[in-house]
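What the coordinates show
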Amino acid sequence: MAMAGRIRSTVPFVRKALCSDSRSAIFSNSELSRNYATAPAKEQKVKVPVTMYGVSGNYASALYIAAVKANALEKVESELLDLIEASKTSPKFSQFMKDISVPKDTRVKAMTDISGQAKFGDLTKNFLVVLAENGRLKHIDAIAKRFAELTMAHKGELKATVTTVIPLPPEEEKELKETLQEVMGKGKKVNIEQKIDPSILGGLVIEFGQKVFDMSIRTRARQMERLLKEPINF
């Protein structure tokens with residue numbers, strides 16, 4: 001139970017970090033100012049359940065807000081996943097999405113045509129057109145992943161990725177799950193995905209949402225190395 005004990009000792013720190021983050025996001029970027037819905041609905045305030053950062057996080061959050069207002073969260077998620085799967089089975093299409101040298105008009109027409117053929121809803125189609133106009137199609141995989149995380153959080157679910165050198169024993173995975181459940185509060189369902197990475201040397205790295213808690217021996221060793229290199233002032 002040593003591993004679980006070390007995890008539990010970090011609970012106050014994790015809780016403090018979580019509480020310090022805003023649960024809403026402000027999107028002032030002009031790229032996100034376009035209304036993805038074709039018809040304006042009655043204005044309602046929507047907050048993202050998990051704060052997202054970066055290009056993919058901002059776009060996913062903006063799409064999430066629009067989808068919640070349109071009551072189309074599951075539909076949009078399904079359509080994004082369909083697009084991602086299509087790109088995986090077509091190297092040519094995947095390359096097209098990543099090629100920033102493609103003229104904007106060509107990108108926009110392609111996404112409009114694809115959305116029509118796939119019978120995507122207006123919200124997804126307009127969102128893809130915005131990505132095409134702004135040269136952001138190359139981020140579609142990351143955006144879809146972030147959007148899925150927001151959808152899970154909307155349902156009260158949380159995916160936590162735990163990286164260790166060896167698989168966690170069932171009892172320690174159970175205690176880790178209980179700890180994260182305690183941090184997130186009642187009404188949340190935590191799903192743990194384990195990853196094995198011998199390069200972290202020991203300890204563990206926990207990722208959920210866009211938060212990373214690195215308690216690996218590799219990181220501690222690097223921190224110690226930096227401290228030892230600093231000049232000592234007497």
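Up top is the structure these notes are about.
Heads up: these notes are all about the structure in this document. (Residues numbered from 1 in each chain as written. Predicted model: local features only at pLDDT ≥ 70, side-chain atom pairs only at ≥ 80, totals over all residues. Heavy atoms only, no water.)

Taking 1.5 Å per residue as the helical rise, helix H7 (residues 122–133) with its 12 residues ought to reach 16 Å, and the 16 Å between its terminal C-alpha atoms agrees with that figure. With respect to burial, H7 is a largely interior element, 9 of its 12 residues being buried. The set of residues buried in H7 consists of Leu123, Thr124, Asn126, Phe127, Leu128, Val129, Val130, Leu131 and Ala132. Residues of H7 that are buried in the fold lie against helix H3 (54–69), helix H4 (73–89), helix H6 (104–118) and helix H8 (140–154). Positive backbone phi, approximately 65 degrees, marks Gly135, located one or two places after H7. (Helix = DSSP H or I, 4+ residues; strand = E, 2+ residues; numbered from the N terminus. Expected span 1.5 Å × (residues − 1). Buried < 20%, exposed > 50% of the residue type's maximum accessible area, 1.4 Å probe, protein only. Contact = heavy atoms within 4.5 Å.)

The subject of this paragraph is the pairing of strand S1 (residues 157–164). The buried fraction of S1 amounts to 6 of the 8 residues, a majority that puts the element mostly inside the structure. Here S1 runs beside strand S2 (residues 189–196); their pairing, made up of 8 bridges, is parallel. Directly across from Ala160, in S2, lies its bridge partner Ile192. Bridge analysis of S1 against strand S3 (residues 203–208) gives 4 bridges, and the strand direction is antiparallel. Bridging across to S3, Thr163 finds its partner in Val205. (Pairing = 2+ DSSP bridges.)

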